[in-house]
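# Close look at the chain arrangement
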Amino acid sequence: MNVYKSLNEIIEYIDNHLDEKIDFDKLALMLGANSYTLQRIFSLLANVTLTDYIRKRRLSTAGEELFINKDKVIDIALKYGYDNPTSFSRAFELFHGIKPSQVTKDTKLKIFPKLVFEEKDESKEAIIVGTYYSGEIKKTVFSIMNYVLPKMGVLPMHCSANINECGDSTVF
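Now for a look at the structure at hand. (Residues numbered from 1 in each chain as written. Predicted model: local features only at pLDDT ≥ 70, side-chain atom pairs only at ≥ 80, totals over all residues. Heavy atoms only, no water.)

Running from N to C, helix α1 (residues 3-16) and helix α3 (residues 35-46) point in directions that differ by 95 degrees, and their axes come no closer than 12 Å. Looking at the two axes, α1 sits roughly perpendicular to α3. The segment α1 lies against α3, with Tyr-4, Leu-7, Ile-10 and Ile-11 engaging Leu-38, Ile-41, Phe-42 and Leu-45. Here the contact of α1 with α3 is composed, by residue class, of eight nonpolar, no polar and no charged. (Axes fitted to C-alpha atoms, helices over the stretch in contact; angles between N-to-C directions. Helix = DSSP H or I, 4+ residues; strand = E, 2+ residues; numbered from the N terminus. Parallel < 35°, antiparallel > 145°, perpendicular 65-115°, else oblique. Contact = heavy atoms within 4.5 Å. Nonpolar A, V, L, I, M, F, W, Y, C, P; charged D, E, K, R; others polar.)

So, about α1. Each α-helix winds once per 3.6 residues, and so residues spaced three or four apart point in a common direction. Compared with the 20 Å implied by 1.5 Å per residue over 14 residues, the 20 Å span of α1 between its first and last C-alpha is a close match. Taken residue by residue, α1 has Val-3, Tyr-4, Ser-6, Leu-7, Ile-10, Ile-11, Tyr-13 and Ile-14 as its buried positions. Two or three places before Tyr-4, at the opening of α1, Asn-2 has a side-chain oxygen 2.8 Å from that residue's backbone nitrogen. (Expected span 1.5 Å × (residues − 1). Buried < 20%, exposed > 50% of the residue type's maximum accessible area, 1.4 Å probe, protein only. Polar contact = N/O pair within 3.5 Å; in protein donor to acceptor, adjacent residues only side chain to side chain.)

In this fold, Ser-43 is placed in helix α3. In this structure the C-alpha to C-alpha distance between Ser-43 and Tyr-53, which are ten residues apart in sequence, comes to 9.3 Å. The residues touching Ser-43, leaving out its near neighbours within four places in the chain, are Val-48 and Thr-49.

Before going further, it helps to examine unusual backbone geometry. If you check the backbone angles, Asn-47 has positive phi at about 60 degrees while not being a glycine. Residue position: Asn-47 is located in the loop between α3 and α4 (50-69).

For α4, built from 20 residues, the straight-helix expectation of 28 Å at 1.5 Å per residue is met to within 8% by its first-to-last C-alpha distance of 28 Å. α4 sits mainly inside the fold: 14 of its 20 residues count as buried. Positive backbone phi, approximately 55 degrees, marks Lys-70, located one or two places after α4.

For the rest of this paragraph, the subject is the pattern of salt bridges. Should the charged atoms of two oppositely charged side chains come close, the side chains can pair. As enumerated under the stated definition, the model contains four salt bridges in all. Among the salt bridges present, the one from Glu-12 reaches Lys-114, with a minimum N-O distance of 2.7 Å. In this pair, Glu-12 is assigned in helix α1 and Lys-114 in the loop between α6 (85-96) and β1 (116-120), connecting sequence segments 102 residues apart. For Lys-114, a relative accessible area of 30% gives the class partly exposed. (Salt bridge = Lys/Arg side-chain N within 4 Å of Asp/Glu carboxyl O.)

For the rest of this paragraph, the subject is the packing of aromatic side chains. Pairs of aromatic rings are described using the distance from one ring centre to the other and the angle between the two planes. Within this structure, the stated rule accounts for five aromatic pairs. Ring plane angle 70 degrees and centroid distance 6.0 Å describe the contact between Phe-42 and Phe-117, whose orientation is recorded as edge-to-face. With a gap of 75 residues between them, Phe-42 in helix α3 and Phe-117 in strand β1 connect regions that are remote in the sequence. The pair Phe-42 / Phe-117 is uniform in exposure class, with both members buried. The ring of Phe-67 carries the charged tip of Lys-105 above its face, separated from the ring centre by 5.1 Å. (Phe/Tyr/Trp six-rings, centres within 6.5 Å; stacked < 30°, edge-to-face > 60°. Lys NZ or Arg CZ within 6 Å of the ring centre and 35° of its normal.)

Rendered as structure tokens:
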């Protein structure tokens, strides 16, 4: 099975289940590995931990919902797995730089879009197409030389992951 195809299926599953508890063991089965191996592979290729990726996708989607639907903060907090609106508000403010109760039509919110893993056949390079936000917008490039993914049957090859700059904060 193609590792990149499996990772894309995992990303799709995560995106479709952001409002539910995500079981890492279930995700690991989709990759044909254990939870620890999945988290290591994801972190290595995406330059963000799986837990951080899920948290940032949830906060990004919550911001979009608050911006578009004007839902109550407590409803959004509970929907995305926060125990109370206070913890959600703190996490939201750290991510977006604004309290959820202050979101208006003029608010600029940061987005953390879904990652897409892509293998280029002609050069045998693995490329991650997506954006990464970590406190400030930045472009990150890293290479993995002759890295063999355990139990995946992936031959040693030159891999490079490219995470693109997403520019200024994006308005929903």
